[in-house]
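# Fold and contact review
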Amino acid sequence: MLGAQRSSTSTGAQIISMTSHSYLSMAETSCPSHLQVVTRGDRQLKFKAGLLSLAEELQFYILSFLPCQDILRCTSVCKALRQTYMSSSELQYIVELSGQQLLAVPNTDNHTPISKRLQLLRDKAHAWFEFNSHSIETVSIPNELCYANKIVTRGHLCLWDQDFAAIIPTLPKSPQHTVEQWQRTLSSVISVPHSDKLEVFMDPAQNLIVVVCVVGETVHIDLRALDSDGVHPQAAGPRLFLSALQEYEEHHIDTESAKLKGLGRHVALRWISLSIDMWQLQIWDWQHSTTSNCFLSGDINPFDFCFLGNNRLLVVGDALKLYSIEDMSRMPQLLACFLMPVPLLPIRCFLPTEPQMQGQQTYISNPEHQLLCMITFLNEAFSENERFVFIISTRIFFDLDGMAVATPIPWNRWGPSNTRIFQHNWEWKVKVHLSGNRVLQAFPVGTPDLGPTHYIFKLHMMDFSPLAVTNRRGLGRVVKEPSTIDFNDFTDSSEEVQDLITTSLPYVEVVSDREFKFEELEDIWIDKDRIYLLLANYESDHSSFELSRKLGVIVV
């Protein structure tokens, strides 16, 4: 039986007021069908008396089985149930998790009272609205990897180039840390010497490194364990093999086009054949097989891809194509095609994933209610400087009821209410990252007269979760009004595209007071409790020039 944990009346009322508006104005709806009373008279009175005559703990227990939307519906039409909700930490915790788009993790080892978990959850959400960009701890980047590719994932800075790969845990030490500082030459990781390295994927949470290299016209994909440089204990073998179409064999691979991504048991590689102007995307279940019949191919056209949970793949091109990869013995199955509002060329898309459940972790992001970031520019644009960042709610990719696979879904049916578009300029390099329902972007302050190198940037943190308005506690700016971009301003096509593109996904925004110089702030990342800044320092005199880089860490 669930115990009744007391919380303040004002806090409970505040949640009801805000969330009832966020969840489609629930105050004006009725109780769910399994609690609803249709008839009038004695039968209705007896039903109400029966439910409300139960002990308060039993009412908590019954309501706890309902989705949070139904809990709020019931509390909005019945004063007694509203009082029950306001006196129950358990029910408020259910609503808080859902409102922050989180899922509870069953954890029998965690004996923290629900009331304390609820307060910690609210306080953590509020802390994001007052993050201190002046309080930064730094991690030095080795000089030999100063120009290497860099990405922050799961509390680790991963770096690689043609010769080296390294993993550096961020400071202060995070519960996500699963790998101590690690650095190797790539020649010691791969199985073939004297090869050109195309791509590297590292997953510290799974103790995994995957390296794609090419010798002549043969592609090699090697898997290793980070902690031993040997075969990964969960891998089906030390190498993955291409199951390419026959016409792809013995053709030149565009080394610049290779892109390698992974999530859980899946690894995917995209490459382009220059000889026949075609691309191929192949997906492996690396834990169960070294070969795969799960691949897509097509004519050359710029595109990117990302995993959506454990069994879906999103291919981003002139449209968003959603595939099922649940059955790895065959080609991905198309589930839906979402049309874009204008002809766009994707630069990249990403949907960061959380590490596997660890220790005392009590909640994780709901994989069906996260944010996807897509960076694009307009096809046939006369202004090639413009970049457009699409922030898209992933809920649209999991709610496919009534959508026919063979019929592309027009933008106006799925896009405006599930998306928010932001405009950037390539001169200042688009700096954006996201985690769960939070987005971090860097925007310039004003427009300098002396050119882009004189830009000054500030960090903008945006929370798109339904409970952001409540958890901000008066901080930040609530953005509910739609925003509109006229894409005709950026095209020289004789045929006008759709004039105005309006998007309205709501969010709350806070802007840091610290300013960063153009040459200082090179990249940004965000995860569940930290902000990461790639900071550059240039030192020069009349005879020499020296560049050093470090990773700045802001703990929220």
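I will try to describe carefully the structure that is included in this document.

Cut-offs applied
Residues numbered from 1 in each chain as written. Predicted model: local features only at pLDDT ≥ 70, side-chain atom pairs only at ≥ 80, totals over all residues. Heavy atoms only, no water. Helix = DSSP H or I, 4+ residues; strand = E, 2+ residues; numbered from the N terminus. Contact = heavy atoms within 4.5 Å. Patch = residues over 30% accessible without salt bridge, like charges linked within 9 Å, V, L, I, M, F, W, Y side chains within 5 Å. Areas by Shrake-Rupley, 256 points an atom, 1.4 Å probe, with all protein chains shown as cover. Salt bridge = Lys/Arg side-chain N within 4 Å of Asp/Glu carboxyl O. Buried < 20%, exposed > 50% of the residue type's maximum accessible area, 1.4 Å probe, protein only. Expected span 1.5 Å × (residues − 1). Pairing = 2+ DSSP bridges. Axes fitted to C-alpha atoms, helices over the stretch in contact; angles between N-to-C directions. Parallel < 35°, antiparallel > 145°, perpendicular 65-115°, else oblique. Nonpolar A, V, L, I, M, F, W, Y, C, P; charged D, E, K, R; others polar.

### Focus on the environment of Phe422
In this fold, Phe422 is placed in strand E23 (residues 419-425). Remark: the alpha-carbon pair of Phe422 and Phe388, spanning 34 residues in sequence, is separated by 5.8 Å. Residues contacting Phe422, with those up to four places away along its chain left out, are Arg387, Phe388, Val389, Ile391, Gln441, Phe443, Met462, Phe464 and Tyr507.

### Points about a nonpolar patch on the surface
On the surface, Leu54, Leu58, Tyr61, Ile62 and Phe65 cluster together to form a nonpolar patch covering roughly 430 Å² of accessible area. Looking at the secondary structure, you find Tyr61 in helix H3 (residues 56-63). By relative accessible area, Tyr61 is classed as partly exposed at 36%.

### Remarks on helix H7 (residues 114-127)
Here H7 contains 14 residues, and its C-alpha end-to-end distance of 20 Å stays within 8% of the 20 Å for a straight helix at 1.5 Å per residue. Within the sequence span of H7, burial applies to Ile114, Arg117, Leu118, Leu121, Arg122, Ala125 and His126.

### Side note on the sheet that holds strand E22 (residues 386-393)
Pairing in this open sheet of four strands is antiparallel, and the strands run E19-E21-E22-E23 from one edge to the other. In the strand order of this sheet, the two ends are held by strand E19 (344-350) and E23, each with one partner. Strand-to-strand twist in this sheet, taken as the mean axis angle between neighbours without regard to direction, amounts to 25°. In terms of strand pairing, E22 meets E23 through seven bridges, oriented antiparallel. Counterpart to Ile391 in the pairing with E23 is Arg420.

### What about the sheet that holds strand E13 (residues 278-285)?
Sheet strands pair by backbone hydrogen bonding; their relative direction is either parallel or antiparallel. With antiparallel pairing, four strands are arranged side by side in an open sheet as E11-E12-E13-E14. Unpaired on one side and paired on the other, strand E11 (259-263) and strand E14 (295-299) mark the two borders of the sheet. Averaged over all pairs of adjacent strands, the angle between strand axes in this sheet comes to 15°, irrespective of strand direction. Here eight bridges tie strand E12 (residues 266-273) to E13, and the two strands are oriented antiparallel to one another. From the neighbouring strand, Ala268 faces E13, where its bridge partner is Ile283.

### Notes on the packing of helix H4 (residues 68-77) against helix H5 (residues 79-86)
How two helices pack is summed up by the angle between their axes together with the distance between the axes. Where H4 meets H5, the closest approach of the two axes is 5 Å, and the angle between their N-to-C directions is 125°. One way to sum up the angle between H4 and H5 is to call them oblique. Across the interface between the two elements, Ile71, Cys74, Thr75 and Val77 of H4 pack against Lys79, Leu81, Arg82 and Tyr85 of H5. Within the contact of H4 with H5, the residues separate by chemical class into five nonpolar, one polar and two charged.

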